[in-house]
Structures are given as C-alpha cells and as structure tokens.
Amino acid sequence: MDCLFCAIINGDIPSKKVYEDDKCYAFLDINPQAPVHCLIVPKVHIASLDEICPKCAETIAHILATIPKIAKDLSLGDGYRVVTNVGENGCQSVKHLHFHILGGKKLSESMA
Ligand code: 5GP
Ligand code: ZN
C-alpha cells in the first residue's frame, strides 16, 4: 500500500521524531501551522477516525493517553490543541489516521 505516513513510520521517508513506542510514532509536521506542530500516528495503518474498530480502539486510547506526555516534552504546559481531520470536508490530505498537536502560542478561538 502506498501510504506516506507508513513510509515515515518505516523510516523510508525521513522525519523529525518526537516520540516512538510499539504502538505509535510522533514527528514534527513538515509545514507547521503553529510554533509547535507535531503529528502522532498509529503504527498500524488506519485510514481515518471513520475506520476505528473495537480492535484498534485500544491503540487510539493509547495515543490519547500519550499525547499529554508528548505535550509536556514539547513544553506545552500553557495548553495546546489536538485535531484530527476526517475525509473530504474535514480536509484530510493524508489517509493514515493522525492527530495534530498544535501549540506554542495562544491559538485562534476559531476552529473552522
Ligand atoms: P491532514 O491535512 O491530512 O490533516 O494533515 C496532514 C499533515 O501532514 C499536514 O499538516 C502536512 O503538513 C503534513 N505532512 C505532509 N507530508 C509530510 C511529510 O512528508 N513529512 C511531514 N513531517 N509532514 C507531512
Ligand atoms: Zn499508512
């Protein structure tokens, strides 16, 4: 399967790693939308939040539990935003589930 984030996870495409364990991989976004912009992805290919099944829900719970640890490592103690885009209207451009972690400044109150 031709997937950009699977290639990043496998190391076939270089990335700036922030965190890694057996279930997830976090790296800096190539086109940051905030002073700190990190992406966290499951190592298993899941296309989007729409594809969540009971079996992979555990992985997603693990990612959500890991995000505050990454935020701490990235000095986001004043707060941050977590976003996952889904599908066409959500403007999802990479079809491998990912959560954006955005921070490092007071973010816009507008989300859409
Ligand atoms: P989406 O629009 O799907 O929610 O987010 C995809 C994100 O992946 C974008 O923020 C984009 O900048 C980032 N991205 C796309 N290609 C690459 C890449 O090759 N390396 C990294 N680190 N980020 C990428
Ligand atoms: Zn993938």
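Above this text is the structure in question.
In this text, all values refer to a predicted model and were calculated from it rather than measured experimentally.

> Give me the lowdown on the overall build of the chain, citing residues and values where you can.
When its secondary structure is counted, the chain shows 2 helices and 5 strands. Mapped from its N terminus to its C terminus, the chain presents α and β elements in the order α-β-β-β-α-β-β. What you see for the chain is a C-alpha radius of gyration of 14 Å, in line with the 13 Å of a compact globule of 112 residues. By its C-alpha atoms, the chain is 40 × 30 × 25 Å across when sized along the principal axes. Here the chain, with 112 residues, has 38% of them falling under the buried criterion. At a minimum sequence separation of 6, the contacts of the chain that also span at least 24 residues come to 56%. Approximately 7,000 Å² of the chain is accessible, and the part contributed by carbon and sulfur atoms is 52%.

> Got a sec to walk through the environment of Thr84? Specific residues and values, please.
If you trace the backbone, Thr84 turns up in the loop between strand 4 (80-83) and strand 5 (99-103). Taking the relative accessible area as the measure of exposure, Thr84 reaches 23% and is therefore partly exposed. Through-space distance from the C-alpha of Thr84 to that of His100 is 6.2 Å; in sequence the pair is 16 residues apart. Residues contacting Thr84, with those up to four places away along its chain left out, are Leu49, Leu97, His98 and Phe99.

> So what's going on with the site of ligand 1? Residues and values would help.
Of all residues adjacent to ligand 1, which total 16 residues, the nearest are Leu28, Asp29, Asn85, Ser93 and His100. Measuring from a nitrogen atom of ligand 1, one finds a backbone N or O atom of Ile30 at 3.3 Å. Contacts to ligand 1 include Ser93, whose backbone N or O atom sits 2.7 Å from an oxygen atom. Within the complex, the protein chains bury 83% of what would otherwise be the 520 Å² of accessible surface of ligand 1. Those elements giving two or more residues to the shell around ligand 1 turn out to be helix 1 (4-10) and strand 2 (24-28). Residue contributions to the shell around ligand 1 peak at 3 residues, all from helix 1. Partitioned by chemical class, the residues of the shell around ligand 1 number 9 nonpolar, 6 polar and 1 charged.

> So what's going on with the packing of aromatic side chains? Residues and values would help.
A full pass over the atoms with the stated rule returns 2 aromatic pairs. Their ring planes at 80° and their centres at 5.4 Å tell us that Phe5 and Phe27 sit as a pair that is edge-to-face. With a gap of 22 residues between them, Phe5 in helix 1 and Phe27 in strand 2 connect regions that are remote in the sequence. Among the aromatic residues, those joined into a ring-pair cluster are Phe5, Tyr25 and Phe27.

Conventions we followed
Residues numbered from 1 in each chain as written. Chains lettered and ligands numbered in written order. Predicted model: local features only at pLDDT ≥ 70, side-chain atom pairs only at ≥ 80, totals over all residues. Heavy atoms only, no water. Helix = DSSP H or I, 4+ residues; strand = E, 2+ residues; numbered from the N terminus. Rg over C-alpha atoms; globule rule 2.2 N^0.38 Å. Buried < 20%, exposed > 50% of the residue type's maximum accessible area, 1.4 Å probe, protein only. Contact = heavy atoms within 4.5 Å. Areas by Shrake-Rupley, 256 points an atom, 1.4 Å probe, with all protein chains shown as cover. Near = heavy atom within 4 Å. Polar contact = N/O pair within 3.5 Å; in protein donor to acceptor, adjacent residues only side chain to side chain. Nonpolar A, V, L, I, M, F, W, Y, C, P; charged D, E, K, R; others polar. Phe/Tyr/Trp six-rings, centres within 6.5 Å; stacked < 30°, edge-to-face > 60°.

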